[in-house]
Amino acid sequence: MSEINGFNADLELQHIYLEVYSERYSHLRTFLESYYCYQHGLVTKQGKPDWIQIFNIGKRTVAANHIKERKLLVREMMMPLSVITGHLKTLVRDDEATIENIKSIIDEHLEYVIMTREEHTTLVKAGLKETMPAGYFQASHSHYCYINARFDVVGITLLT
């Protein structure tokens, strides 16, 4: 990561910290996406975050692997925003909302999946666009804390 991208990523992380600390979560997606872009060097020639480049580096599903036309694809957070927000709210509740702890959660959970529009529709119809399946939260379940759980439940296979 270039020095300027590192600086901008840190700046976005500070924005995220301020939003989380103030318990304002409505613009979190924008800051997370910008942070991700700067972290991975996905920037325009002018140095601005370029979310379109996520289509080039995101994890792909088996069905999306050979599709080159971006209009046929959808980018989706690996872990839904609502679940990441839940982890961040836990930090606030436990009075552990530091930049380092927030960075740790984001770096651990923020990743993008590139899938077909049909797969995305399947995810939405199953009610898993903004949530994880119940098994993700149950210690006795095979999907407990398994980041791919919502894709596995609906039969979407990710490339390794």
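In this report, we go over the structure that sits alongside the text.

Scoring rules and cut-offs
- Per chain, the residues get numbers from 1 upward, laid out in the order the sequence is written.
- Only residues with pLDDT of at least 70 are given local features in this predicted model, and only at 80 or more are side-chain atom pairs given and counted; all residues enter the totals for whole chains, interfaces and linings.
- As a convention, hydrogens and water are excluded, and side-chain values are obtained from all of the structure's heavy atoms.
- Note on aromatic contacts: the rings of Phe and Tyr and the six-membered ring of Trp form a pair at centre separations within 6.5 Å, being stacked when their planes are under 30 degrees apart, edge-to-face when over 60 apart, and tilted otherwise.
- A helix here means a DSSP run of H or I that spans at least four residues, while a strand means a run of E at least two residues long, and both kinds are numbered starting from the N terminus.
- Any residue under 20% of the maximum accessible area for its type is buried, any over 50% is exposed, and the rest in between are partly exposed; the area is computed with a 1.4 Å probe on protein chains only.
- Charge over a ring is defined by NZ of Lys or CZ of Arg lying within 6 Å of the ring centre and within 35 degrees of the ring normal.
- Remark: nonpolar core denotes a set of buried residues (Ala, Val, Leu, Ile, Met, Phe, Trp, Tyr, Cys) joined through side-chain atoms within 4.5 Å.
- Any pair of residues with heavy atoms lying within 4.5 Å of one another is described as a contacting pair.
- Working convention: axes come from line fits to C-alpha atoms, limited for helices to the stretch in contact. Angles between N-to-C directions cover 0 to 180 degrees.
- Relative orientations are named as follows: roughly parallel for angles under 35 degrees, roughly antiparallel for angles over 145 degrees, roughly perpendicular for angles from 65 to 115 degrees, and oblique for any other angle.
- Classification used: nonpolar for Ala, Val, Leu, Ile, Met, Phe, Trp, Tyr, Cys and Pro, charged for Asp, Glu, Lys and Arg, polar for all others including Gly.
- Any Lys or Arg side-chain nitrogen located within 4 Å of an Asp or Glu carboxyl oxygen qualifies as a salt bridge.
- By definition, the arc is the one covered by directions from the helix axis to the C-beta atoms.
- Paired strands are those between which DSSP finds at least two bridges.

## What to know about the packing of aromatic side chains
Right, so step 1: Summed over all chains, the structure comprises 4 aromatic pairs.
Right, so step 2: An angle of 25° between the planes, with centres 5.6 Å apart, marks the rings of tyrosine 17 and tyrosine 21 as stacked. In this pair, tyrosine 17 and tyrosine 21 both sit in helix H1 (residues 3-21), 4 residues apart, roughly one turn of the helix.
Right, so step 3: A residue is classified by how much of its surface remains accessible, and tyrosine 17, at 22% relative accessible area, is partly exposed.
Right, so step 4: Accessibility expressed as a relative area gives 54% for tyrosine 21, which makes it exposed.
Right, so step 5: Measuring from ring centre to ring centre gives 5.0 Å for tyrosine 136 and phenylalanine 137, while their planes differ by 85°; the resulting arrangement is edge-to-face.
Right, so step 6: The buried category is assigned to tyrosine 136, whose relative accessible area is 4%.
Right, so step 7: Between arginine 70 and the ring centre of phenylalanine 55, over which it is positioned, the NZ or CZ distance is 5.4 Å.
Right, so step 8: The ring of tyrosine 25 is capped by lysine 89, whose NZ or CZ atom sits 5.0 Å from the centre of that ring.

## Describing the nonpolar core
Right, so step 1: The biggest cluster of nonpolar side chains holds 36 residues, and the ones touching the most others in it are Ile16, Val20, Leu32, Leu88, Ile102, Ile106 and Leu110.
Right, so step 2: Ranked by residues supplied to this core, first place goes to helix H2 (residues 28-39) with 7 residues.
Right, so step 3: Not counting chain neighbours up to four residues away, the residues in contact with leucine 32 comprise Ile16, Met77, Leu81, Ile84, Ile106 and Leu110.
Right, so step 4: Counting residues in each nonpolar core, the second largest holds 10 residues, with Leu128, Phe151, Val154 and Ile156 among its members.

## Structural notes on the packing of H2 against helix H5 (residues 99-109)
Right, so step 1: At their nearest, the axes of H2 and H5 sit 12 Å apart, and the two run at 75° to each other. By the angle between their directions, the pair H2 and H5 is classed as roughly perpendicular. Touching Leu32, Tyr35 and Gln39 of H2 are Lys103, Ile106 and Asp107, all from H5.
Right, so step 2: A breakdown of the residues in the contact of H2 with H5 according to their chemical character gives 3 nonpolar, 1 polar and 2 charged.

## Considerations on the pattern of salt bridges
Right, so step 1: This structure, assessed with the given rule, holds 9 salt bridges.
Right, so step 2: The salt bridge partner of lysine 129 is glutamate 76, with a shortest N-O separation of 3.2 Å. Of this pair, lysine 129 sits in the loop between helix H6 (117-125) and helix H7 (149-153) while glutamate 76 sits in strand E2 (residues 73-77), and the two are 53 residues apart along the sequence.
Right, so step 3: The salt bridge partner of aspartate 94 is arginine 93, with a shortest N-O separation of 2.9 Å.
Right, so step 4: What emerges from the salt-bridge pattern is a single network uniting Arg29, Glu76, Lys129, Glu130 and Arg150.

## So, H6
Right, so step 1: Here H6 has its buried residues at Glu119, His120 and Leu123. Down the axis of H6, the smallest arc covering the buried residues is 100°, so these residues share one side. Along H6, exposed side chains directed more than 90 degrees from the buried face belong to Glu118 and Lys125.
Right, so step 2: Buried residues in H6 make contact with E2, strand E3 (112-116) and H7.
Right, so step 3: At the exit of H6 stands glycine 127, carrying a positive phi of roughly 75°.

## Some details on the pairing of E3
Right, so step 1: For E3, the buried fraction is high: 5 of the 5 residues fall into the buried class.
Right, so step 2: In the sheet, strand E1 (residues 59-60) pairs with E3 via 2 bridges, with the strands oriented parallel. Its bridge partner being in E3, arginine 60 is matched across the sheet by isoleucine 114.

Geometric values such as these leave the question of function open.
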